[in-house]
Amino acid sequence: MPELPEVEITARRLDEALRGAEIVSALAPGVNALKTFDPPLSALAGQHVGGVRRRGKHLLVDTDGDLSLLVHLMSAGRLQLFDKLAGPRDRTSRLLVRLAGGRELRLREFGTKQAAWVKLLPTDAVEADDAIASLGPEAWPAPPPLGGLLDVARPLHPLLRDQHVIAGIGRSWVDEILWTCRLSPFKRGDDLDADELARLREAIVDTLDRAITHYEGAVKLPIPDKLPMPLVVHRHEGEPCPRCGTTLAAVHFEDYVIAYCPHEQTQDRLLKDRRLSRLLK
Ligand SMILES: [Zn+2]
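Residues numbered from 1 in each chain as written. Predicted model: local features only at pLDDT ≥ 70, side-chain atom pairs only at ≥ 80, totals over all residues. Heavy atoms only, no water.

J.: Help me get a handle on the overall build of the protein chain, residues and values and all.
T.: Secondary structure assignment for the protein chain yields eight helices and 10 strands. Over its C-alpha trace the protein chain gives a radius of gyration of 20 Å, about what one expects of a compact globule, namely 19 Å for 281 residues. Taking the principal axes of the C-alpha coordinates as reference, the protein chain spans close to 60 × 35 × 35 Å. In the protein chain, which comprises 281 residues, the share counted as buried stands at 52%. Taking contacts inside the protein chain between residues at least 6 apart in sequence as the whole, the part at least 24 apart equals 63%. (Helix = DSSP H or I, 4+ residues; strand = E, 2+ residues; numbered from the N terminus. Rg over C-alpha atoms; globule rule 2.2 N^0.38 Å. Buried < 20%, exposed > 50% of the residue type's maximum accessible area, 1.4 Å probe, protein only. Contact = heavy atoms within 4.5 Å.)

If you want it as structure tokens, here you go:
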């Protein structure tokens, strides 16, 4: 599940490795992940990679010919660099960018869903594209004060994961952030006082910062299929809270699980699944 820290380290590593590389050809095999047709992928041939960067949970590969590949990995995609071309039987490939010298940048997707997507856009059209224009402010490194953003009657857990509200946080890191600032996943955005808003903002920056720092030391090329996510709360239900020792709890909602410390986040109350689905409406 790539979120802001995972996409950020991917962008940094690919930027270091690809800057200046010449593109030989590009194609989108199999089921078409490519959502644009003009300019065509063939327009990339002969251009050089100018850089790789992140916007929200999106990756952008910019060329010296003022084109940009906008990539959304969704839940199971990876953008990876290989020293060899993909074999004809690689069914995970959604986009192949062949580079001079035999290397290949590959958008791969694992699992049964085919949700990852790519757009090829003029670089100066990226910010106006719906996927980018609809994003809220970046959660890292310096989000704006949260008061105006979160002043709505929605629980924090879905609110912070809403990319239109704030960009980059997903279902893994939201658990870590809310645990860090000791806020209930179900506290409503418009119920936060000034101190809580400040604590939450600090927790967002610190948590994402720590994750990126961890990846800086741990992630080398080739970027592995599974990144070593340094999570202490998400998917750790049943284990002792690393801060107070209380058993971490979890509630299931739709197809995901929210983990939290009942002692520090919900005043020793265990949240029931039924109550959660009502609250999250
Ligand atoms: Zn605790």
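From this point, the discussion proceeds with the structure in view.
J.: Describe the pairing of strand β5 (residues 77-82), with residues and values.
T.: In terms of burial, β5 is a largely internal element, five of the six residues being buried. Pairing between β5 and strand β7 (residues 104-109): six bridges, direction antiparallel. Looking across to β7, one finds that Gln80 is bridged to Arg106. (Pairing = 2+ DSSP bridges.)

J.: Can you lay out the packing of helix α5 (residues 173-180) against helix α6 (residues 194-218) for me, pointing to particular residues and giving the numbers?
T.: Across the interface, α5 lies against α6 with an axial gap of 8 Å and an inter-helix angle of 125°. Of the possible angle classes, the one that applies to α5 and α6 is oblique. Considering the relative orientation of α5 and α6, their crossing is right-handed. For the pair formed by α5 and α6, the contact residues are Trp173, Glu176, Ile177, Leu178 and Thr180 on the first element and Leu200, Ala203, Ile204, Thr207, Leu208, Arg210, Ala211 and Tyr215 on the second. Tallied by class, residues from the contact of α5 with α6 come to nine nonpolar, two polar and two charged. (Axes fitted to C-alpha atoms, helices over the stretch in contact; angles between N-to-C directions. Parallel < 35°, antiparallel > 145°, perpendicular 65-115°, else oblique. Left-handed = near helix turned anticlockwise from the far one by under 90°. Nonpolar A, V, L, I, M, F, W, Y, C, P; charged D, E, K, R; others polar.)

J.: Lay out the sheet that holds strand β6 (residues 93-99) with the relevant residues and their values.
T.: The strand order β1-β6-β7-β5 describes an open sheet built from four strands, whose pairing is antiparallel. Lying at the two open borders of the sheet, with one neighbouring strand each, are β1 (23-27) and β5. When the angles between neighbouring strand axes are averaged without regard to direction, this sheet yields 15°. Contacts between helix α1 (residues 4-18) and the sheet are confined to β5, β6 and β7, with β5 contributing the most and set at about 25° to the helix.

J.: Describe α1, naming the residues involved and giving the relevant values.
T.: For α1, spanning 15 residues, the distance from its first C-alpha to its last is 20 Å, which sits close to the expected 21 Å at 1.5 Å a residue. With 13 of 15 residues buried, α1 is to be regarded as a mostly interior element. Among the residues trailing α1, Gly20 stands out with phi positive, at a value near 90°. (Expected span 1.5 Å × (residues − 1).)

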